[in-house]
Amino acid sequence: MATETPPPAEPQAHLPSTEQFTEVQQSQEFGELRRSHRSFAFPLTIAFITWYLLYVLLSNYAGGFMGTRVAGNVNVALVLGLAQFLTTFLIAWWYARHAATRLDPKAEALKSRMEGGA
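Here the structure is a predicted model, which is why all the values come from computation and not from measurement.

S.K.: I tried to follow the overall build of the chain on my own but got confused; where do I start?
M.R.: Each helix and strand counted, the chain has four helices and two strands in total. Put simply, the chain runs from its N terminus to its C terminus through helices and strands in the order α-α-α-β-β-α. Taking 118 residues into account, the globule formula puts the C-alpha radius of gyration at 13 Å, and the chain, at 24 Å, lies well above it. With the principal axes as the frame, the chain shows a C-alpha extent of 70 × 50 × 25 Å. Burial analysis of the chain (118 residues in total) assigns 18% to the buried set. Summarising the internal contacts of the chain: among those between residues at least 6 apart in sequence, 64% fall at separations of at least 24.

Laid out in structure tokens, this is it:
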């Protein structure tokens, strides 16, 4: 209805200054957060890209091997292709678990400190 008054505005959180952002970015705590993320994400990314490229190369250059029947009409190519999907979901689940247990608490502590003005 057009005659209703808007809800009262919520008080805005403390917005950190540029200097505070720079200070936090250079802090040891932020460095640990970044290291924790990179030490998980980079090796897994490299491993998955390697695994994917291996699948593509085998599909292109090892047709005999990829055509090997495993059971009935199911061949190695199908098994490895489905394994690509499985590893994608496993990596996403593993990262979400890693982020929830190791990254999010550290990030929340930094955020609270910055918004609290401490």
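S.K.: Please clarify how the packing of helix H2 (residues 28–61) against helix H4 (residues 76–116) should be interpreted in this entry.
M.R.: When two helices pack together, you describe them by how their axes are tilted relative to each other and by the distance separating the axes. Where H2 contacts H4, the two axes come as close as 10 Å, and the packing angle between them is 175°. Looking at the two axes, H2 sits roughly antiparallel to H4.

S.K.: Help me understand the nonpolar core in this model?
M.R.: Grouped burial of nonpolar side chains is what soluble globular proteins tend to show. Membership of the largest hydrophobic core is limited to six residues, which are Val24, Leu33, Ala99, Leu103, Leu110 and Met114. Sort the elements by how many residues they give to this core and H4 lands first, with four residues. Not counting the four nearest positions on each side in its chain, Leu110 is found in contact with Val24, Glu29, Phe30 and Leu33.

S.K.: What exactly am I supposed to notice about the side chain of His98 here?
M.R.: Tracing the backbone through its elements, the reader meets His98 in helix H4. From its side chain, His98 meets the backbone oxygen of Ser36 in a polar contact 3.4 Å long. In contact with His98, other than residues within four places in its own chain, are Ser36, Phe40 and Leu103.

S.K.: Hey, could you run me through the packing of aromatic side chains in this one?
M.R.: We describe a pair of aromatic rings using the distance from one ring centre to the other and the angle between the two ring planes. Scanning the entire structure with this criterion turns up two aromatic pairs. Taking 5.1 Å as the distance between ring centres and 80° as the angle between the ring planes, the aromatic pair formed by Phe40 and Trp94 counts as edge-to-face. With a gap of 54 residues between them, Phe40 in helix H2 and Trp94 in helix H4 connect regions that are remote in the sequence. Here Phe40 and Tyr95 contribute two aromatic rings whose centre-to-centre distance is 5.8 Å and whose plane-to-plane angle is 45°, an arrangement assigned as tilted. Here Tyr95 lies in helix H4 and Phe40 lies in helix H2, a separation of 55 residues in the sequence. A residue is classified by how much of its surface remains accessible, and Phe40, at 10% relative accessible area, is buried. Relative accessible area serves as the criterion here: at 30%, Tyr95 is assigned to the partly exposed category.

S.K.: Explain the environment of Ser17 here, please?
M.R.: If you trace the backbone, Ser17 turns up in the segment before helix H1 (18–25). Here Ser17 falls in the partly exposed class, since its relative accessible area comes to 30%. In this structure, the C-alpha to C-alpha distance between Ser17 and Met114, residues 97 residues apart in sequence, is 9.2 Å.

How each quantity is defined
- Residues numbered from 1 in each chain as written.
- Predicted model: local features only at pLDDT ≥ 70, side-chain atom pairs only at ≥ 80, totals over all residues.
- Heavy atoms only, no water.
- Helix = DSSP H or I, 4+ residues; strand = E, 2+ residues; numbered from the N terminus.
- Rg over C-alpha atoms; globule rule 2.2 N^0.38 Å.
- Buried < 20%, exposed > 50% of the residue type's maximum accessible area, 1.4 Å probe, protein only.
- Contact = heavy atoms within 4.5 Å.
- Axes fitted to C-alpha atoms, helices over the stretch in contact; angles between N-to-C directions.
- Parallel < 35°, antiparallel > 145°, perpendicular 65-115°, else oblique.
- Core = buried A, V, L, I, M, F, W, Y, C linked by side-chain atoms within 4.5 Å.
- Polar contact = N/O pair within 3.5 Å; in protein donor to acceptor, adjacent residues only side chain to side chain.
- Phe/Tyr/Trp six-rings, centres within 6.5 Å; stacked < 30°, edge-to-face > 60°.

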